[in-house]
Each structure stands twice: as structure tokens, then as C-alpha cells.
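# Descriptive structure summary
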Amino acid sequence: MNLQVCLRAGVAFSAALLAVAVVPPTSAEELADVSTAFRWLGKNDRVVIEAYDDPKVVGVTCYVSRARTGGVKGTVGLAEDKSEASIACRQVAPNVQFQDKLPVQEDVFSERMSILFKRLHVVRVVDAKRNTLVYLTYSDKLIDGSPMNAVTAVPVSPSTPIPLK
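Quick caveat, the model's predicted, so the values are computed rather than measured.

## Focus on a nonpolar patch on the surface
A cluster of nonpolar side chains, namely L31, I49, Y63 and V92, defines an oily patch on the protein surface of about 330 Å² accessible area. As for its position among the elements, L31 is in strand β1 (residues 29-37). For L31, a relative accessible area of 43% gives the class partly exposed.

In C-alpha cells form, the structure reads like this:
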């Protein structure tokens, strides 16, 4: 290996470590997947459904479906997944409880979609006027993000006002 290749690898590795250190870990639970394209080697291309419990709002779970690239690269985690995703968040407990005061907008979940520089985000926005939690999912990429997105909302009972920072 020449010096340039070693330097590039070092920079890429450092950027990957920084990306992992900056973004809080997600606790996605994979519920199911369906195969969309057969691959001779490695996993098939598929659509997965994952559940994310909102860490600051007990009783709200977001369900995200998204593409996962298979093949050899996808199996070892080197493939870049497509930017399309869908989201549905629901109240899953009799009452919604808040762990802390919420900012008006917050990146709640983030998960990598490629080895470097591409992430799936779920953002919570508080609509205080309607006492509703709005969740947006989108993906970003260091150089060229995607405008593809999906949105869902969870109305909170008027007897439980959303605490804002």
C-alpha cells in the first residue's frame, strides 16, 4: 500500500468513528422483512420494518419501513441503502408520559444507511397549538441528501399538555 491509500483509509476510518461518536445509538427492533430481489451471493434485497420507542415519550412507538440492499456488500455492511423510507408513529400505551421537557424540534433517532456519510433520521416536532407530536423521517448524505421524506403525527390527550423547553 502506498502512503496516499493509507492516509485515505485513515481519514475514512476517523470520519466513521466521529459519526458513531456524535450520533446517539438507536434501539431499533427489527419486526419483519420481505424480500424484494434475489441475490445469488449474500442476503436478498429487502424491505425491513423496524420499531423505535421514543426515548423521551413513553407510550409512543415509531414504525419505519425502508429498503436494505443485499448481496455481498449488503451482507457485510458496505452497501448504500436507498433513501426511501416510510413512517407511522402511534400511541401504544393507555397514557403518554414525558421523561423531560421537549424541544420544539429534535432528532430522535438516527441510523446509518451506508458505511460512511449517509444516515436515516427521525425528527420529532412539537405542534404545541394542537398538542400533537409530529415525526418526520428523511435521509441525508454528506454531499448530496435526498428530498424524499415521510411524516406522521400522534395527537396527545388535551389533559396531558406537552412540556416544552
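## Comments concerning the confidence of the model for the protein
The pLDDT averaged across the protein works out to 77; a share of 67% of its residues lies at or above 70. Across the protein, strand β3 (residues 57-58) holds the top mean pLDDT of 96, while helix α1 (residues 3-22) sits lowest at 40. Confidence over residues 3-26 falls short of pLDDT 50; this stretch has 12 contacts with residues more than four positions distant or in other chains.

## Description of the sheet that holds β1
The 4 strands lie next to each other as β1-β2-β4-β5, forming an open sheet whose pairing is antiparallel. Of all the strands in the sheet, the pair left with one neighbour each is β1 and β5 (85-91). Across the sheet, the axes of successive neighbouring strands diverge by a mean angle of 15°, strand direction being ignored. Bridge analysis of strand β4 (residues 60-68) against β5 gives 7 bridges, and the strand direction is antiparallel. In the sheet register, T61 faces β5, and the bridge partner there is R90.

Thresholds applied
Position numbers for residues count from 1 along each chain, tracking the sequence in the order it is written. Selection of residues for local features in this predicted model requires a pLDDT of at least 70, selection of side-chain atom pairs for listing and counting requires 80 or more, and totals for whole chains, interfaces and linings are taken over all residues. Working from all heavy atoms in the structure, the side-chain values ignore hydrogens and water. Exposure above 30% relative accessible area and the absence of a salt bridge qualify a residue for a patch, where like charges join within 9 Å and nonpolar side chains (Val, Leu, Ile, Met, Phe, Trp, Tyr) within 5 Å. For the area figures, the Shrake-Rupley method with a 1.4 Å probe applies, and any residue is considered shielded solely by the protein chains shown. For this analysis, a salt bridge means a side-chain nitrogen from Lys or Arg found within 4 Å of a carboxyl oxygen belonging to Asp or Glu. Every helix listed is a DSSP run of H or I at least four residues long, and every strand listed is a run of E at least two residues long, numbered separately from the N terminus. Only protein chains enter the calculation, and the probe is 1.4 Å; a residue is then buried if its accessible area is under 20% of its type maximum, exposed if over 50%, and partly exposed in between. One confidence number per residue, pLDDT, is output by the predictor and ranges from 0 to 100. Whether two residues are in contact is decided by their heavy atoms: any pair within 4.5 Å suffices. Only strands joined by at least two bridges in the DSSP assignment are considered to pair. To obtain each axis, a line is fitted to C-alpha atoms, and for helices this fit is confined to the stretch in contact; angles are then taken between N-to-C directions over 0 to 180 degrees.

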